[in-house]
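# Analysis of the macromolecular model
Residues per chain are reported as follows:
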Amino acid sequence: MENKPDKVVYMDHSATTAVHPKVLDAMLPYFSERFGNASSIYGLAREARRALDQSRQTLAEGIGAKPEEIIFTSGGTESDNLALKGVADALRSKGNHIITSAIEHHAILHVCEYLSKRGYEITYLPVDKHGIVDPDAVGRAITEGTVLVSIMHANNEVGTIEPIAEIGRICKERKVVFHSDGVQAVGKLPIKVDELGVDLYSISAHKFYGPKGVGALYVRRRTPLIPQAQGGSQERNRRAGTENTAGIVGLATAIAMAEERRDDYNRKVGALRDRLIAGIQERIPSVCLNGHPTRRLSNNVNFCFQYVEGESILLNLDLMGVAASSGSACTSASLEPSHVLLAMGVQPEIAHGSVRLTLGYDNTEQEVDYVLSILPEIIERLRSMSPLYSKAGAAAGGGNG
Ligand SMILES: *Cc1c(COP(=O)(O)O)cnc(C)c1O
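Every chain is numbered on its own, with residues counted from 1 as its sequence reads. Note on the predicted model: pLDDT of at least 70 is required for a residue's local features to be given, and 80 or more for side-chain atom pairs to be given and counted; whole-chain, interface and lining totals, by contrast, use all residues. Each side-chain value is worked out from all heavy atoms of the structure, with water and hydrogens disregarded.

Now for the site of the ligand. By convention in this text, a residue qualifies as near a molecule or strand provided that one of its non-hydrogen atoms is within 4 Å of it. Surrounding the ligand, one finds 13 residues, the nearest of these being Thr77, Asp181, Gln184, Ser204 and Lys207. Ser204 has a polar side-chain atom sitting 2.6 Å from an oxygen atom of the ligand. Counted as a polar contact is a pair of N or O atoms within 3.5 Å, where, for protein atoms, one must be capable of donating a hydrogen and the other of accepting one, and residues adjacent in sequence contribute only when both atoms are in side chains. The separation between an oxygen atom of the ligand and a polar side-chain atom of His206 is 2.9 Å. Within the complex, the protein chains bury 87% of what would otherwise be the 380 Å² of accessible surface of the ligand. Tallying contributions element by element places helix H3 (residues 76-90) first for the shell around the ligand, with 3 residues. Computed with the Shrake-Rupley method and a 1.4 Å probe, the accessible areas treat only the protein chains shown as cover for residues. Strands here mean DSSP runs of E at least two residues long; helices mean DSSP runs of H or I at least four residues long; both are numbered from the N terminus.

Another point: the pattern of salt bridges. Within this document, salt bridges are pairs made up of a side-chain nitrogen of Lys or Arg and a carboxyl oxygen of Asp or Glu, the two lying within 4 Å of each other. Taken as a whole, this structure holds 14 salt bridges when the rule is applied. The residue Glu243 makes a salt bridge to Arg49 at a minimum N-O spacing of 3.6 Å. Here Arg49 lies in helix H2 (residues 43-63) and Glu243 lies in the loop between helix H8 (234-237) and helix H9 (245-260), a separation of 194 residues in the sequence. Note on exposure labels: buried denotes an accessible area under 20% of the residue type's maximum, exposed denotes more than 50%, and partly exposed covers the range between, all computed with a 1.4 Å probe on protein chains only. Overall, Glu243 belongs to the buried group, its relative accessible area being 9%. A salt bridge links Asp264 to Arg267; the nearest nitrogen and oxygen atoms lie 3.6 Å apart.

This next bit is on the pairing of strand S10 (residues 300-305). Where burial is concerned, most of S10 is hidden: 6 out of the 6 residues are buried. At least two bridges found by DSSP between two strands are what make those strands a pair. One ladder, built from 3 bridges, connects strand S9 (residues 287-289) with S10; its direction is antiparallel. Residue pairing across strands places Val287 opposite Phe305, the latter belonging to S10. Bridge analysis of S10 against strand S13 (residues 354-358) gives 5 bridges, and the strand direction is antiparallel. Residue pairing in the sheet places Asn300 in a bridge with Thr358 of S13.

So yeah, pure geometry; function would need other evidence.
Here you go:
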């Protein structure tokens with residue numbers, strides 16, 4: 001086994017990314033000399049106002065929207081909350097039915113649970129074994145009372161890319177408002193809101209080399225939306241609160257950079273992903289790739305390692321200087337298997353042994369090869385201690401009773 005590297009091998013880019021130095025440079029003046037409140041009238045404030053206008057323009061151009069269709073928020077979670085609660089409140093007299101999928105981020109699923117306690121009917125569409133939502137199933141689920149469909153653009157755990165444009169077409173035909181959580185898609189997939197057919201689209205800066213705590217919600221003109229924060233008249237009365245000028249400048253700088261280097265990113269990161277996937281499949285027996293073999297994000301690797309616990313693999317990787325995550329958002333100590341893998345039909349005991357490695361722009365072939373050099377031994381050692389595992393010929397599990 002190789003020596004632990006000096007620098008952490010960071011392979012958890014779907015959890016968050018480091019702020020790019022150019023993004024940080026663009027932000028810094030807005031913490032200090034350009035600190036003005038964009039709502040005031042003197043010169044200092046006008047500087048902040050100009051930065052906000054410019055950032056709104058940049059983001060709108062990046063996603064093919066108009067500036068007035070952008071609401072800046074505190075991140076993906078707030079954007080998802082505003083989209084779902086905002087549309088549900090606005091259309092309460094029209095109906096109480098919402099359609100989503102079983103594999104959404106908790107920022108969608110937990111809002112749906114909340115809305116269901118408040119009298120909304122939620123349909124959770126199933127997915128196939130690769131994590132794909134069937135657009136026809138969306139069409140079949142729509143009823144007279146359906147006020148909103150929310151299906152994510154790309155899944156954060158397994159990287160599966162959903163057929164958003166087809167779902168968008170169906171929603172438009174049936175005149176149902178369509179939201180998509182695009183947090184994982186920005187910087188990796190082309191995002192043109194008209195081509196995707198979305199009425200609302202959630203974005204979060206820290207997933208593409210921008211700062212944490214800032215995001216945006218795209219809202220198509222004339223989409224009914226009740227604000228969820230009352231106060232000042234910021235964001236055209238749709239989201240009260242003094243704007244996070246530095247964060248918003250960071251978001252805009254990051255999205256411009258992400259769009260500019262998207263092809264290069266996908267080529268480079270995609271090659272690392274393929275090397276990692278092939279290497280794991282070659283060197284480790286009894287593994288399965290979770291997610292779609294081809295319709296997946298260029299940075300996502302997610303494997304089941306049978307007979308071992310994902311958490312144990314992660315701890316061992318951490319000891320060897322590799323930062324990765326389990327399939328599920330393991331923010332709590334709960335050892336519940338991932339709802340995404342379960343929805344894809346993965347058996348709970350196998351889902352427990354899953355690990356997600358998400359690559360980024362500055363990962364290298366050397367880092368991938370390092371992981372490939374240590375992982376087989378980690379898995380082998382954990383399996384040798386696992387009562388579930390018995391090798392052909394020698395009952396390795398027998399002695400551990
Ligand atoms: C990270 C993430 C979110 C939450 O975004 P925050 O900015 O961290 O609140 C929502 N949806 C998806 C798909 C995500 O990956």
